[in-house]
Amino acid sequence: MTVEVILPCLNEEAALGWVLSRMPDGYRALVVDNGSTDRSAEIAHDLGARVVHEPNRGFGAACHAGLLAASAEVVCVMDADASLDPRQLPRVAEPVIGGNADLVLGARRPRAAGAWPWHARLGNAVIARGLRRRTGAPLHDLGPMRAAVRSRLLALGLSDRRFGYPLEMVLRAAGSGWRIAEVEVDYLRRAGRSKVTGTVRGTLRAASDMRRVMADHVR
């Protein structure tokens, strides 16, 4: 089975070479350029990845554009910034391929100093605790590397197009009775500065989006 890997991308030219060179056999990269001003799209194309363009800015917008453009039965989503190792994608995808889980998230385990700043880790822990309480799923991380069946993800009707998209996915999946699982993946120092965890302001913006999604889900 071929698994399609959706890579939301905004100015990741420094990371794409490493990321795309480490795609496992059977995993096909789909880079979603979200308005990059560097050579990200060109580099991805030259390295053999399929590239689609999503002009509307937002992490969720890029993820969903990739989901719509994909054609494989099983899809993965992961950051394109070299903070996650594509060689570990099978850890996340195989429970879905084998029918043992419906949505699998990669729980990050830092493997380098400074890979996960304190403010980002704290915000993630708060959100994860809220998820455990509301869904009963044994989650400790929102898991930026994840896998599911494409058609079932589309059927969830995800509507957030900002940083709340990953959280909405978990909430809607849990509400639909999905089996949600978590596996450990390495978390590395990314190439360049993160749009989210690289600054306290970015982390607060992402946390605000997630609080909004959490509040909307219980209305």
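Notes on the structure in this doc start here.

Analysis parameters
- Residues numbered from 1 in each chain as written.
- Predicted model: local features only at pLDDT ≥ 70, side-chain atom pairs only at ≥ 80, totals over all residues.
- Heavy atoms only, no water.
- Buried < 20%, exposed > 50% of the residue type's maximum accessible area, 1.4 Å probe, protein only.
- Helix = DSSP H or I, 4+ residues; strand = E, 2+ residues; numbered from the N terminus.
- Arc of directions from axis to C-beta.
- Contact = heavy atoms within 4.5 Å.
- Pairing = 2+ DSSP bridges.
- Salt bridge = Lys/Arg side-chain N within 4 Å of Asp/Glu carboxyl O.

Because an α-helix completes one turn every 3.6 residues, residues spaced three or four positions apart along the sequence face the same direction. The complete set of buried residues in helix α1 (residues 13-21) reads A15, L16, V19 and L20. Buried residues in α1, looked at end-on, bunch into an arc of 120°, giving them a common side. Turned more than 90 degrees away from the buried face of α1, the exposed residues are A14 and S21. Where the residues of α1 are buried, they touch β1 (3-9), β2 (27-33) and α2 (40-46).

Below, the discussion takes up the pairing of strand β6 (residues 146-149). With burial as the criterion, each face of β6 is covered, one bearing R146 and A148 and the other bearing A147 and V149. Of the pairings in the sheet, the one linking strand β4 (residues 74-77) to β6 comprises four bridges and is antiparallel in character. When the sheet's bridge partners are listed, V75 is paired in β6 with A148. Of the strand pairs in this sheet, strand β5 (residues 103-110) and β6 are connected by three bridges, and their pairing is antiparallel.

When you tally the buried positions in helix α3 (residues 59-69), you get eight out of 11 residues, the bulk of the element. For α3, every residue scored as buried is listed here: G60, A61, A62, C63, H64, A65, G66 and L67. Looking at the buried positions of α3, the neighbouring elements they touch are β1, β2, β4, α6 (150-155) and α7 (165-175).

Applying the stated criterion across every chain yields a total of 12 salt bridges. Across the salt bridge formed by D85 and R22, the nearest N and O atoms sit 2.7 Å from each other. Of the two residues, D85 sits in the loop between β4 and α4 (89-97) while R22 sits in the loop between α1 and β2, which places them 63 residues apart along the sequence. The class for R22 is buried, based on a relative accessible area of 17%. With a closest N to O distance of 2.7 Å, D141 and R108 form a salt bridge. Taken together, the residues span a long stretch of sequence, with D141 in the loop between α5 (118-135) and β6 and R108 in strand β5 at a distance of 33 residues.

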